[in-house]
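# Descriptive structure summary
So the chains spell out like this:
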Amino acid sequence: MSFSDQSRKTIIEPFRIKTVEPIAQTTRQQREGFLTDACYNPFRLRGGQVTIDLLTDSGTGAMSAAQWAAVMLGDETYAGSESFYDLERVVQGITGMKFIIPTHQGRSSEHILLEAMNTAGHVVLANSHFDTTKANVEYLKGTPIDLVIAEAHQPNNVHPFKGNMDLDKLESHLKELGDHVALIIMTITNNTVGGQPVSLSNLQAVSALAKRFNKPLILDAARFAENAWLIKQREDGQQHRSVRAIVRDMFDLADGFTMSSKKDGLVNIGGLLCVNDEALADRCKSLMILTEGFPTYGGLAGRDLAALAVGLEEVLDDAYLEYRIASVAYLHKALTSIGFPLINPSGGHAVYVDAKALYPHIPPTQYPGVVLTNELYLAGGIRGVEIGTLMFGHPHPETGVDCPAAMELVRLTIPRRTYTQSHMDYVAEVMADVWGNRHQAKGLQITWQGPILRAFTAKLAPVGSMSSV
Ligand code: F0G
């Protein structure tokens, strides 16, 4: 048996703790003050005011002893850092990609690649673009189109691969748009629709279409290992294969990938941009000098490159992935048994609560998702993130009234190797109180918003309160 003993029901955290960091323990009265000062927007809270931070799994994980040891060995040479060559060897070994370019995080990889591929005036087809990818396509005067399968928008549909591309739609778009299509992106796992995986057979079919229509296929590989693990668990014929072999199959189908290493790279900062085409790699390397620096450090310190090389190997460990996906499923199961409406099935990095179904009395224009993040913070100092009308809605240009988002979700995102099972039990206990108070929850209104990405900075107040006028 390569990982946990199958005769035991308990899947343990496959590590013990060597360094600890205290977390804030606050009273409800203190939290009421903090939230009022934060204008009812949890993005405006400080780290020291949060007990369990489930805002994101990006850059919030814990590094291993081996990664910290690698940090000390990082080579800080400006040009030709040895740490770069170590990382290059590891990434080539895992993915088979030829040209390896480090960047400071995922979105800079996206920007450089899209610019190097000259996507201006062209269409980019994806299962789902992540927000930053979509924003970069649009910033560079292209048009992003999402073609995820219809099941992805049905919270109770337990399709095992809700991250998949709709193949019929992809084919018809490729036929109709012809030369206007610049590239195809597959986001693995598909964060936007709930951390849901893409199957290997779907990737194979997308790759075949990309070849037939002569379009490059790029993976957004932020959570590549979680996707591979879910393929191993859920896809016929994959159970007896190693995660490493599945990962290699995924990358072999693509012409390149962008990666935020802050997720499955198991580091706190970093990104990768890797392609097989030498001319394209050269264009990327020229462009990156503007924003990232020399191509052998890519906006990172040598020690960051060294920690990433170790993290990319560690993330492929079966025992780690089994624990990781089980810890997300554990919280998913606990919240289901309380009665919470969730996105099903449990996915790779987070549990997503359907706040619209939880609070049918609060209209989308009063931000039920933000209401839930507020309730959760007040009840137990837990921070989640709204993915709904505050994040994606926008005021109608004439009436000023918000056009609602498609869904009102709250993402409880689990950082890697950071919290234990008792932390998750605590989250479930607090959520049970939130559930009990659901009929009393009241809507919010915006009192101030910025012109772009308003969710990060907006100020809100309870509907009808003095401060909202
Ligand atoms: N692609 C995906 C699928 C992501 O989830 C993210 C970041 C990025 C690209 C951008 O990477 O942050 O390193 O620039 N997702 C974070 C999140 C922010 O909370 O889901 P980055």
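Quick caveat: nothing in here was measured; it's all calculated off a predicted structure.

Burial runs high along strand β7 (residues 256–260): five of the five residues are buried. Taking every second residue as pointing to the same face, both faces of β7 are buried, with Gly256, Thr258 and Ser260 on one and Phe257 and Met259 on the other. Strand direction decides the pairing type here: strand β6 (residues 217–220) and β7, joined by three bridges, are parallel. Bridging across to β7, Asp220 finds its partner in Thr258.

Applying the stated rule across the entire model yields 17 salt bridges. Between Arg303 and Glu76 there is a salt bridge; the shortest N-O distance is 3.7 Å. With Arg303 in helix α11 (residues 302–314) and Glu76 in the loop between α2 (65–73) and α3 (82–95), this residue pair connects regions lying 227 residues apart in the sequence. We classify Arg303 as partly exposed; its relative accessible area is 40%. Through salt bridges that share partners, Asp57, Arg223, Glu226, Asp264, Arg324 and Arg416 make up one connected network.

So, on to the sheet that holds strand β14 (residues 409–413). Pairing is antiparallel across the open sheet formed by three strands, whose spatial order is β9-β14-β11. With one partner strand each, in any of the chains shown, β9 (350–354) and β11 (385–387) form the two edges of the open sheet. Sheet twist, expressed as the mean angle between neighbouring strand axes with direction ignored, is 30°. Relative to β14, helix α14 (residues 368–380) is tilted by about 40°, and along the sheet it contacts β9, β11 and β14.

Turning to the site of the ligand, a few remarks are in order. Residues in contact with the ligand amount to 16 residues; listed here are only the nearest, Thr56, Arg107, Asp220, Ser260 and Lys263. One of the side-chain N or O atoms of Thr56 is found 2.7 Å from an oxygen atom in the ligand. Within the side chain of Ser260, one N or O atom sits 2.6 Å away from an oxygen atom of the ligand. Contact with the protein chains removes 93% of the 470 Å² of surface that the ligand exposes when unbound. The biggest single contributor to the shell around the ligand is helix α4 (residues 106–116), with three residues. Here the shell around the ligand is composed, by residue class, of one nonpolar, eight polar and seven charged.

Rules used in this analysis
- The residue numbering used here restarts from 1 in each chain and proceeds along that chain's sequence as written.
- Whole-chain, interface and lining totals are the exception, using all residues; otherwise, since this is a predicted model, local features are given only for residues with pLDDT of at least 70 and side-chain atom pairs are given and counted only at 80 or more.
- Where side-chain values are given, they derive from all heavy atoms of the structure, hydrogens and water being excluded.
- When accessible area is computed with a 1.4 Å probe and restricted to protein chains, residues below 20% of their type maximum are described as buried, those above 50% as exposed, and intermediate ones as partly exposed.
- Only DSSP runs of H or I reaching four residues or more are called helices, and only runs of E reaching two or more are called strands; each is numbered from the N terminus.
- Note on pairing: two strands pair once DSSP finds at least 2 bridges between them.
- Any Lys or Arg side-chain nitrogen found within 4 Å of a carboxyl oxygen on Asp or Glu counts as a salt bridge.
- For helices, the fitted line uses only the C-alpha atoms of the stretch in contact; every axis is such a line through C-alpha atoms, and the angle between N-to-C directions lies from 0 to 180 degrees.
- The contact criterion used throughout is that any non-hydrogen atoms of two residues lie within 4.5 Å.
- We call a residue near a molecule or strand whenever a single non-hydrogen atom of that residue lies within 4 Å of it.
- We call two N or O atoms a polar contact when they sit within 3.5 Å, provided that within protein one can donate a hydrogen and the other can accept it, with sequence-adjacent residues counted only if both atoms are side-chain atoms.
- Accessibility throughout is a Shrake-Rupley quantity obtained with a 1.4 Å probe, and a residue counts as covered only by protein chains that appear here.
- Charged residues are taken to be Asp, Glu, Lys and Arg, nonpolar residues to be Ala, Val, Leu, Ile, Met, Phe, Trp, Tyr, Cys and Pro, and polar residues to be all remaining types, Gly included.

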